[in-house]
Structure formats: structure tokens, C-alpha cells
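Structure assessment
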Amino acid sequence: MLQSWTSAQVRAAEEPLLAAGVPLMQHAAFALAGVVARVLRERRGRVVGGQVVLLVGPGNNGGDALHAGAFLRRRGVDVVALALAPRVHDEGRAALLAAGGRVHEVTDAVDGAARAGRADVLVDGILGIGTRDGGLTGLAGALVAALAGGAVEGDARGDGSRGGVVGLGAHGADRPAVVAVDTPSGIGVDDGTVSGPVLPADVTVTFGGAKPGLLIPPAAHLVGRLEVIDLDLPLPDHHPAVVRLADRDAAALWPVPTRSAHKYSRGVVGVVAGARRYPGAAVLATSAAVLAGVGMVRYLGDVADLVVARWPEVVTGPGRVQAWVFGPGVSPDDAAQRRRIEHAFEGVLQRGEPAVVDAGALELLPPTVPTHVVLTPHAGELARLLTDRGHRLTRADVEREPLRWTRLAHEMTGATVLLKGHVTLVVGAGGAVYAQADAPPWLATAGAGDVLAGLMGAMLAGRADDVLDDPTLTAAVAAAAALVHGRAAHTANPDGPVTARGVALALPETIRTLLASA
């Protein structure tokens, strides 16, 4: 499990150690230097003779970078610090100069970008957890924009003149590797927003504990490989800001049957999905539920013949249900399926049955629901849901601030909300936030959401009593379903194209491997 803490929590944890004289910066810098040396070795085959450029801002991140540069210089690395502020960390500057490194005060962003572009490794130590709203501005913002290929010379100079495009992209495979210190400079450290230029990192070395913005999109896409350096900070052992589950956590959440189990104790999931126009959604959702190992799948809808032809173990028609899946493949003009969903919602509200509400069922959601109801919108559907409830939003608005709007949807509806995407966000009771990045880009394919809905419904059915007893558990179960869904895509075809059907068929092997590795 990867936990993260806000900038305020990290600062509060650092204060007593700093007051006691613990050299946190030196510990962090030594670890940072080790990571940079490893990157040099990966790129060049050796450390000695490598060229490292430090992008240094005015704060402690700049100090970390300067002290790391001193360690690297003593290992035979050519180290140049580009100072992007009138004053940088005094002790760090002195340490680098004493080790034989150089410090260049940058006054022209284009010149700075040209110097930086010749490095083997760029170390981004401009800003850290002290980032202000608005991200990088001024000289630092212009230099980073130039390095990232987002500025022309005139823009970078800030004098209104025009010039040629400057950026790391021009170097192709020979561009410098970028190692970010604590966070890529300019991201929203606590919310993952990106409001200005950011230099995408190949590796981010974060200290003490992960920061929420490293796990949340859109900033999560700029982090690269994340390495967390343990500084023994006294961080709170409860209520982390954002959590990312690992395989072991998902395995612990999986409803594994005991020797005394029977089909009803293992859970019955009811699926209201598909229609003659969209029969595939019904087949995919029921496929995932069957293959996830639930005790029974009950299907309600107009394509029962197709579902049973594929899965003869599926029971059709009304009856006992312990959790529901509503909405895949249900269109606004499908009056029969909409009536079935509305009727099933009565069981959710009156008997406390957990439910997954997807696609066509989202617009049928009652004003408020219990937290054991999981909404599974993509960004466009979340924008419509919130617009219908008085907040005029577009898909782009949600994609810019996904955590903000997912939280609002949870607060307005009471439901646990899972926002689908390359990084899947889950917000639930008790302030729980999960950010899962388990899915390959190939999983962005038709029908994948239907498979996720069926899989999650099976998990909720197997743990129906537990999620009713513990409101915070629903979010964890939803995050675990997202993890398994992503793992199944890798199982179906590692590093290559997948189909939704292939992902569903890969579920038994994925779950077996997950449980065996726990």
C-alpha cells in the first residue's frame, strides 16, 4: 500500500526532527544522489564523467539538489547548478562549490535551457511542497516551458521578441533524463492539478512519504517512476490523504470462500444491463461477474437468451440478490430496463443492498444514496451528473481537477464515486481517497467499463454484509476492483492490445495469481 500525506502533514512531521537537529536535508540529498547516479549508470554505463545540471530554486528543494550535486561531484560527475532565483540555499551552494561544482546564475531562460539540454541528467529542484497556486511563473516558468518544448525563444526571454522553438523534444532519444526532487516543480502538491508549465520527470524522488499530487491526475502522468525515501518522519498512522493499493491489499479484500460456503453465502449479484440494441454490455457484465467467482449471477433484461447461451449458469428473472449492477448498455429510451433499475433501487434504499451504478443508470440515481452505492462514471458522465445537480461543467473541467469534482459528487450524492481513467480515483466515506494506476493504456476500449462493473458487483455481493457494517470499506473494495481490472488487462495480453472480452476471460487467472502472491 502506498500512502500519501499533504504538504501540511509533512511539514508538521518534519518540525520536531529539525528542532532536534536531525540533518534531514543531508539524508535526502544523499539518497537523491544515489538515484541520480543509478540513472547515469543506466544511460551511460558508468557514473564517472557524467554531466548533471541542477535546476535550483530558492527553497529547500534547491538545497536538496545542491547537496546531492556535491555528493555526485565527489564521485567524478561534472555538476553545474543553474540558479533560477537571486538567492539559493546558502549551505547547499557552498557545499557544491567546495566539492568542485559550478553555479551559474540564469538571467535568460533560452540560454539556461540550452545549458540544461546538454546534460545527461537534469535534476529539477526548483519548487517542492511550497509550490504556490499558479505553478511556475517568471524566469523558472519560462525556462521549464522552453525545456518542455512549450515556448518559443521570444516567449522564454520574456521580452516579446520571437524566435525558434526550444525544447527537450528536439533531442529525441538523446534528451537528458529528468529526476524531480520531491515533486515535479509546479504541480498541485495536494491535489494533482497542473496550472502552468511542468517538466515531465522520468524519476521522481520524494522524501518522507508520497505527496497526494504524485498519485492524482493530471500531475500523476508527469511523475515517471516514483521512489519514496524513508526519513523516519512521524507521519500520522491514520487518515492518509490518498492511498494506492498494492496486490497484497487487493488480495486481502477479495471475498475468498470458506469450506462451509454455499452459493448464497458467497453472494448473489443482480445485473440489469444491455438491450437488443446493446446486447454486448449484458454479456460482458455477466461474464465478469461469473468469472470473478461470485456465488450466483442473476440477470434481468431483454437479452437473457444471449446471456444464458454464453453462460448457462446465469439465472434469469427476479429473486434473491445481495448486490446489484445497473446501467451498462441501458439507453435513455429503454423504458423496460429503466423501470427495472428504478424498481431495484427500492431494494438498495430500503434493504441496504450494495450496488454499482454505471452508464445509463447514472441519470436515474435518487437525490441521495448510501455510501455502499458505487457510481462509476467517466469524466464526461461525471460532468453531466454534476451539471444536472447545478454545477455547469464540461469533461475538460473534470479532467483538469478530477479530485475536486469526484469529491463533490460524493458529497452531493452520498455514494462512493469511482472516476474511471488511466488513473482511477475513488472517493468514499470518512474522507477516503484511492488512486489506482494499474491499467495499461490498451484498456481504453469499448466494453471495458462493463467488465469493471460486473467484477465490482461480484466483489460487493461477496462482501455485502461487511460493506454494510463498515461504510469506509466500499471505497477500498472499489479500488481493489480497479486494480484487478487493470491486472487482468496485463494478463490478457502483456504490453499489447486487449479486448473487453479478453479482460473478462483473464479474471480467473489474475485472481488466482493475486491470491497466491499474498
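Predicted model, so just to flag it, every value in this text is computed and none were measured.

1. Observations concerning the environment of Leu 306
Examined against the element boundaries, Leu 306 turns out to sit in helix H10 (residues 304-310). For the pair formed by Leu 306 and Pro 279, sequence separation is 27 residues and the distance between their alpha carbons is 7.7 Å. Sequence-distant contacts of Leu 306, that is, excluding residues within four places in its chain, are made with Arg 276, Pro 279 and Val 283.

2. Overview of the packing of aromatic side chains
Throughout the structure, instances matching the rule amount to three aromatic pairs. With a centroid separation of 5.4 Å and an interplanar angle of 85 degrees, the aromatic rings of Phe 30 and Phe 71 are classed as edge-to-face. Of this pair, Phe 30 sits in helix H2 (residues 24-44) while Phe 71 is found in helix H3 (residues 60-73), placing the two residues 41 residues apart along the sequence. Judged by relative accessible area, Phe 71 falls into the partly exposed class, the value being 24%. Ring centres 5.5 Å apart and planes at 35 degrees place the aromatic pair Trp 324 and Phe 326 in the tilted group. Of the two residues, Trp 324 and Phe 326, both sit in the buried class. Linked through ring pairs, Trp 324, Phe 326 and Phe 345 together constitute an aromatic cluster. Between Arg 310 and the ring centre of Trp 311, over which it is positioned, the NZ or CZ distance is 4.4 Å.

3. Let's talk about helix H1 (residues 7-19)
Between the first and last C-alpha of H1 there are 18 Å, a value that for 13 residues agrees with the 18 Å anticipated at 1.5 Å per step. Listed as buried for H1 are Ser 7, Val 10, Ala 13 and Leu 17. Next to the buried residues of H1 lie H2. The first or second residue beyond H1 is Gly 21, which carries a positive phi of 85 degrees.

What counts, and at which threshold
- Residues numbered from 1 in each chain as written.
- Predicted model: local features only at pLDDT ≥ 70, side-chain atom pairs only at ≥ 80, totals over all residues.
- Heavy atoms only, no water.
- Helix = DSSP H or I, 4+ residues; strand = E, 2+ residues; numbered from the N terminus.
- Contact = heavy atoms within 4.5 Å.
- Phe/Tyr/Trp six-rings, centres within 6.5 Å; stacked < 30°, edge-to-face > 60°.
- Buried < 20%, exposed > 50% of the residue type's maximum accessible area, 1.4 Å probe, protein only.
- Lys NZ or Arg CZ within 6 Å of the ring centre and 35° of its normal.
- Expected span 1.5 Å × (residues − 1).

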